[in-house]
Amino acid sequence: MAFKALAALIALAAISATDAALTRRVACPDGKNTATNAACCSLFAIRDDIQQNLFHNECGEEVHESLRLTFHDAVAFGAGKQGGGADGSIITFSDIETKFHANDGIDEIVEAQKPFIAKHNITAGDFIQFAGAVGLSNCPGSPQLSFLLGRPPAKVAAADGLVPEPFDGVEQIIDRLADAGQFQDFEVVWLLSAHTVAAADRVDPTVPGTPFDSTPGLFDTQFFLETQLRGTTFPGTGGNQGEVASPLKGEMRLQSDHNFARDSRTSCEWQSFVNDQEKLVETFPTVMIKLSTIGQNTANMIDCTEVIPLSAPLPKNRQTTTFPAGMSNKDIEQACAETPFPTLASDPGPATSIKPVSLNS
């Protein structure tokens, strides 16, 4: 059912792309770029600036944190709750929202983004979602995320307690996201695809920059495989709230990821991503446009997706998901009873050990 709807969206996007190709383009004042809507022209300079001076043209810590920020800003929304969703309140009212427990450590990317917002006269809500989309394009294998321009400035700070934490239960997280943006349980799995290019700084502060899979610089399905491997070790001290044992030296596993991979409501959807790059790149933009417009009136927004760069493809040696060296199907804790686990090759060589993501690249 979900894929029928997705197929319809893809077909609509193809029609829109054809229409866009036939639409007369506007020459931007910079003399270099053109756009289908003049309002998008200002975004080219912002894109070029943050690519060079925030992301350094790589899929590093600032990309990971900017993507995290899109979620933490947008999801703080719900029926009868204070907050405007994807409105930039986490930056506008940073003195309040960065103190929330769920936002621990997010103050660093908030402070890094503030000068760009001031320089380019863009609302915080628009910048957060734009930066997330631009940043992700630095990660090979990633899809082009849609970007709609036109979020008004935030009027109030979001309420505390609306951003899920890694120690929350599956049902609690599903209910919270259903309230925030009418996400269904399988769409929550789709959102967690972001963890394929993520790392943790504060879950265990003794090992900042610890990634959630062995390929944190690639937008691939390795994350969905490795979260189903039997946990045997901790990258740092262990025993931290929201963390469970991981299968690889240098890798962190969030309790919530572990649970979603094994819960009867989500385990088969989780397993379905293993070695299915096509599904990964089709579903992530669908949930991200939904996330990035929570609390917004899309009828008043302008589609500026054309400004978002296209990513490089996955390297040839990473186009197929593989078991880390020394591991195989015998190490899988399979929870999906409906479908056999995919047969995958194992990487050659000694046991896999993962380096931390470089901070402040």
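Reference entry: report on the structure contained in this document. (Residues numbered from 1 in each chain as written. Predicted model: local features only at pLDDT ≥ 70, side-chain atom pairs only at ≥ 80, totals over all residues. Heavy atoms only, no water.)

**Details of the overall build of the protein chain**
Per the secondary structure count, the protein chain includes 13 helices and eight strands. Taken over the C-alpha trace, the protein chain has a radius of gyration of 20 Å; the compact-globule value for 361 residues is 21 Å, and the two agree within 12%. Principal axes of the C-alpha set define a box for the protein chain whose edges measure 60 × 45 × 40 Å. When the accessible surface of the protein chain is split by element, carbon and sulfur atoms take 54% of a total near 15500 Å². Measuring between centres, the 25 positive side-chain charges of the protein chain sit 3 Å from its 44 negative side-chain charges. (Helix = DSSP H or I, 4+ residues; strand = E, 2+ residues; numbered from the N terminus. Rg over C-alpha atoms; globule rule 2.2 N^0.38 Å. Areas by Shrake-Rupley, 256 points an atom, 1.4 Å probe, with all protein chains shown as cover. Lys, Arg positive; Asp, Glu negative; His and termini not counted. Charge placed at Lys NZ, Arg CZ, Asp CG, Glu CD.)

**Examining unusual backbone geometry**
Where the residue is not glycine, phi is negative for most of them; where a peptide bond is considered, it is trans in most cases. Unusually for a residue other than glycine, Asn57 sits at a positive phi of about 55°. Looking at where Asn57 falls in the secondary structure, it is placed in the loop between helix H2 (42-53) and helix H3 (61-74). Backbone geometry places Asn275, a non-glycine residue, at a positive phi of 65°. Within the secondary structure, Asn275 is located in the loop between helix H12 (267-272) and helix H13 (277-292). For Asn275, a relative accessible area of 36% corresponds to the partly exposed category. (Buried < 20%, exposed > 50% of the residue type's maximum accessible area, 1.4 Å probe, protein only.)

**Overview of the state of the cysteines**
Scanning the entire structure with this criterion turns up four disulfides. Across the disulfide, Cys268 is cross-linked to Cys336 (sulfur-sulfur distance 2.1 Å). Given an S-S torsion of about 95°, the disulfide between Cys268 and Cys336 has right-handed geometry. With Cys268 in helix H12 and Cys336 in the segment after strand S8 (302-303), this pair connects stretches of sequence that are 68 residues apart. Classification of Cys336 by relative accessible area gives buried; the value is 6%. Taken in N- to C-terminal order, the disulfide-linked cysteines of the protein chain are connected 1-3, 2-7, 4-5, 6-8. (Disulfide = S-S within 2.5 Å.)

**Some details on the pattern of salt bridges**
If you walk through the whole model with that rule in mind, you get 17 salt bridges. Residue Glu187 is joined to Lys290 by a salt bridge in which the shortest nitrogen-to-oxygen separation is 3.0 Å. Separated by 103 residues along the polypeptide, Glu187 in helix H9 (residues 185-191) and Lys290 in helix H13 bring together distant segments of the chain. The class for Glu187 is buried, based on a relative accessible area of 8%. By relative accessible area, Lys290 is classed as partly exposed at 27%. When salt bridges that share partners are traced, they join Lys81, Arg176 and Asp179 into one network. (Salt bridge = Lys/Arg side-chain N within 4 Å of Asp/Glu carboxyl O.)

**Details of the environment of Val207**
If you trace the backbone, Val207 turns up in the loop between strand S4 (199-200) and strand S5 (210-211). Among the residues examined, Val207 registers a relative accessible area of 18% and is labelled buried. Between the alpha carbons of Val207 and Pro356 there is a distance of 7.8 Å; along the sequence they are 149 residues apart. Every residue in contact with Val207, bar those within four places of it in the chain, is listed here: Ala200, Pro235, Gly236 and Met252. (Contact = heavy atoms within 4.5 Å.)

**What about helix H7 (residues 124-136)?**
Under the 1.5 Å per step criterion, the end-to-end length of H7 is 18 Å for 13 residues, consistent within 8% with the ideal 18 Å. Along H7, 13 of the 13 residues are buried, which leaves the element largely enclosed by surrounding structure. (Expected span 1.5 Å × (residues − 1).)

**Considerations on the packing of aromatic side chains**
The full count for this structure, using the stated rule, is nine aromatic pairs. Clustering of aromatic rings is evident, with ring pairs tying together Phe223, Phe224, Trp270 and Phe273. Lying over the aromatic face of Phe183, Lys290 brings its terminal NZ or CZ to 5.0 Å of the ring centre. (Phe/Tyr/Trp six-rings, centres within 6.5 Å; stacked < 30°, edge-to-face > 60°. Lys NZ or Arg CZ within 6 Å of the ring centre and 35° of its normal.)

**Looking at the side chain of Gln222**
Along the chain, Gln222 turns up in helix H10 (residues 222-226). Of the residues examined, Gln222 reaches a relative accessible area of 1% and is grouped as buried. At a separation of 2.5 Å, a polar atom in the side chain of Gln222 contacts the main-chain carbonyl oxygen of Thr322. In contact with Gln222, not counting residues within four places along its chain, are Asp213, Ser214, Thr215, Arg318, Thr321, Thr322 and Pro324. (Polar contact = N/O pair within 3.5 Å; in protein donor to acceptor, adjacent residues only side chain to side chain.)

**A word on the environment of Thr34**
With respect to the helices, strands and loops of the structure, Thr34 is situated in strand S2 (residues 34-35). Separated by 170 residues in sequence, Thr34 and Asp204 place their C-alpha atoms 46 Å apart. The contact partners of Thr34, leaving out residues within four places of it in the chain, are Arg25, Val26, Ala27, Cys28, Phe44 and Glu306.

**Focus: the side chain of Asp87**
Locating Asp87 in the fold gives a position in the loop between H3 and helix H4 (89-92). A polar side-chain atom of Asp87 sits 3.0 Å from the main-chain amide nitrogen of Ser89.

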